[in-house]
Amino acid sequence: MIARPRGTRDVLPDEMEERVRAFGALRRVAALYGYGEVETPTFEHADLFIARSGAEVVEQMYTFEDRGGRILALRPELTAPVARMYSSEMRSWAKPLRLCYFGKCYRYERPQKGRYREFTQFGAELIGDDSTAANADLIAMAAASLGALGLGDIVIRIGDLRVLRALLGDRAGPDVMRLVDKKDPALREVVPDVADLILEPRMDEAREAVGREVTADLERLLSYLEGMGVATVVDIGIARGLDYYNGTVFEADAPSLGAEKQVCGGGSYDLGGVVGIEGLKATGFAIGLDRVLLASGRSGPRVGNLDAYVAPLLEAAMGPALSLSATLRQRGVRTEVGLSPERPAKAIKVALEKGATHVVFIGEEELAAGMVAVRDLAGKEQEALTAGEAVARISRE
Ligand code: ATP
Ligand code: MG
């Protein structure tokens with residue numbers, strides 16, 4: 001037997017139902033905030049990511065050469081692809097432009113619960129504006145998205161790379177930024193003077209350390225969000241793994257998830273250099289849906305999804321059973337049909353398991369009389385009806 005590749009997942013019908021519901025909730029939020037959904041290819045030229053996605057992501061990339069000798073990569077994230085799409089297709093569109101997406105991403109990670117090699121992101125990009133107001137608008141949408149997913153205990157942390165870089169000065173190299181990103185206590189040895197501010201941020205102390213002009217945008221953003229009813233906390237120690245972020249950055253955690261608790265990350269960025277535009281002001285975020293669905297903890301035993309179950313009791317009833325099912329479905333009744341002759345008790349058991357309200361039996365007697373037997377699973381009564389009456393009865397209830 002060939003096993004599933006390490007770090008990938010199979011989504012069974014129950015969980016898929018949860019996913020589809022989550023997608024629906026997110027699409028409703030996106031529409032409320034004026035975002036249009038887009039889709040980009042699963043693979044891109046590797047250069048799109050190598051240029052700016054940051055060392056960690058590039059190390060984790062699935063890169064391959066195609067038969068034409070092109071170096072391609074399975075996308076590790078979607079911000080760079082959406083920026084590429086914007087620059088090739090939408091440059092002349094009125095800005096700001098609000099785009100959102102659902103997509104699988106690929107990273108060669110060490111798999112564990114909540115961390116996979118193939119995972120799904122929902123994200124949004126506000127292109128053409130990276131002002132404090134744009135960030136407030138976008139972060140409010142991120143918060144609404146997390147809220148719509150039914151996550152109660154979310155903490156949204158807001159930082160600003162200009163503040164972080166001012167604190168670190170010329171020590172803001174990749175190694176230190178990686179320690180910051182991981183909130184590594186080793187910071188107390190590497191940058192002892194500012195480690196406390198990074199590990200346990202305080203707005204007033206940060207303002208004192210770097211000056212009011214540097215913290216002004218962050219403070220204004222926090223006050224805008226407060227005015228919008230979005231609860232946040234300040235976190236100077238957000239570094240973000242992707243190198244194209246430049247100002248506002250933010251992350252959201254679901255503490256109930258334990259180690260892999262970060263469910264959302266985003267911020268202002270400039271991908272102009274990568275996609276061939278002089279300066280591209282934008283801000284965006286991505287939510288990791290696999291983790292979110294773990295956090296909402298709703299994937300459980302199978303839930304009902306049928307209205308009617310049509311059971312042929314002998315081979316001659318197969319044709320009538322199939323046509324009755326077709327009519328029921330045309331009337332919007334979710335119907336499953338037994339695919340070979342069944343015993344009534346077995347049909348009732350299957351129908352109950354699938355949450356159906358009615359079972360329709362077609363046996364020898366029914367065939368002879370030109371009728372069907374409709375059993376109401378709640379009331380447990382059974383009635384002989386014509387096919388037309390049966391459809392009317394089941395689709396009305
Ligand atoms: P982490 O620090 O957990 O590795 P990240 O900073 O690499 O996260 P981003 O690049 O910001 O993550 O991606 C946005 C979101 O996508 C994350 O907040 C997380 O919920 C989700 N995500 C990232 N990597 C994975 C993965 N390997 N498996 C599942 N979800 C992931
Ligand atoms: Mg990561």
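Attention now moves to the nonpolar core. Of all hydrophobic cores here, the largest spans 89 residues; its most connected members are F122, I127, I158, L168, C264, F285 and I287. A per-element tally of this core places helix α5 (residues 132-148) first, with eight residues. Dropping the residues within four chain positions of it, I158 is found in contact with I139, L218, L221, L222, L225, T232, V233, V234, D235, I238, V249 and F250. In terms of nonpolar packing, the next biggest core, distinct from the first, is built from 17 residues, A321, V337, V374 and I394 among them.

The packing of two helices is summarised by the inter-axis angle and the distance between the axes. Remark: helix α6 (residues 161-168) packs on helix α7 (residues 174-181), axes separated minimally by 12 Å, with the N-to-C direction vectors making an angle of 120 degrees. Relative to α7, the element α6 lies oblique. Seen along the crossing, α6 lies across α7 with a hand that is right-handed. Contacts from L161, L164, R165 and L168 of α6 reach α7 at V176, M177 and V180. A class-by-class count of the residues in the contact of α6 with α7 yields six nonpolar, no polar and one charged.

Glancing now at helix α14 (residues 318-330). Under the 1.5 Å per step criterion, the end-to-end length of α14 is 19 Å for 13 residues, consistent within 8% with the ideal 18 Å. Looking at α14, one finds that the buried residues are M318, A321, L324, S325 and L328. The arc that holds the buried residues of α14, viewed along the axis, is 130 degrees, so those residues lie on one side. Those residues of α14 hidden inside the fold are in contact with β12 (308-312), β13 (335-337), β14 (358-362), β15 (372-376) and α17 (387-396). Within two residues after α14, G332 carries a phi angle of roughly 85 degrees, on the positive side.

Moving on, we come to the site of ligand 1. In the vicinity of ligand 1 there are 14 residues, among which R107, E109, Y116, R240 and Q262 approach most closely. A distance of 3.1 Å separates an oxygen atom of ligand 1 from a polar side-chain atom of Q121. Protein chains bury 94% of the 590 Å² of accessible surface belonging to ligand 1 in isolation. Of all the elements in the fold, those that place two or more residues in the shell around ligand 1 are β6 (118-127), β10 (262-270) and β11 (281-288). The element contributing the most residues to the shell around ligand 1 is β10, with three residues. Tallied by class, residues from the shell around ligand 1 come to five nonpolar, four polar and five charged.

On to the domain arrangement of the protein, then. Along its sequence, the protein is carved into domain 1 (13-295) and domain 2 (308-396). With centres defined by C-alpha atoms, the gap from domain 1 to domain 2 works out at 52 Å.

With mixed pairing, five strands are arranged side by side in an open sheet as β13-β12-β14-β15-β16. Both outer strands of the open sheet, β13 and β16 (382-385), are each paired with one neighbouring strand and no more. Each neighbouring strand pair of the sheet contributes to a mean axis angle of 20 degrees, computed without reference to strand direction. Here helix α15 (residues 344-353) sits on the sheet and contacts β12, β14 and β15; the angle it forms with β14, its principal contact strand, is near 155 degrees. Against the sheet, α17 touches β12, β14, β15 and β16, its axis set at about 130 degrees to β16.

Rules of the game
- Residues numbered from 1 in each chain as written.
- Chains lettered and ligands numbered in written order.
- Predicted model: local features only at pLDDT ≥ 70, side-chain atom pairs only at ≥ 80, totals over all residues.
- Heavy atoms only, no water.
- Core = buried A, V, L, I, M, F, W, Y, C linked by side-chain atoms within 4.5 Å.
- Buried < 20%, exposed > 50% of the residue type's maximum accessible area, 1.4 Å probe, protein only.
- Helix = DSSP H or I, 4+ residues; strand = E, 2+ residues; numbered from the N terminus.
- Contact = heavy atoms within 4.5 Å.
- Axes fitted to C-alpha atoms, helices over the stretch in contact; angles between N-to-C directions.
- Parallel < 35°, antiparallel > 145°, perpendicular 65-115°, else oblique.
- Left-handed = near helix turned anticlockwise from the far one by under 90°.
- Nonpolar A, V, L, I, M, F, W, Y, C, P; charged D, E, K, R; others polar.
- Expected span 1.5 Å × (residues − 1).
- Arc of directions from axis to C-beta.
- Near = heavy atom within 4 Å.
- Polar contact = N/O pair within 3.5 Å; in protein donor to acceptor, adjacent residues only side chain to side chain.
- Areas by Shrake-Rupley, 256 points an atom, 1.4 Å probe, with all protein chains shown as cover.
- Domains from an automatic or database assignment.
- Pairing = 2+ DSSP bridges.

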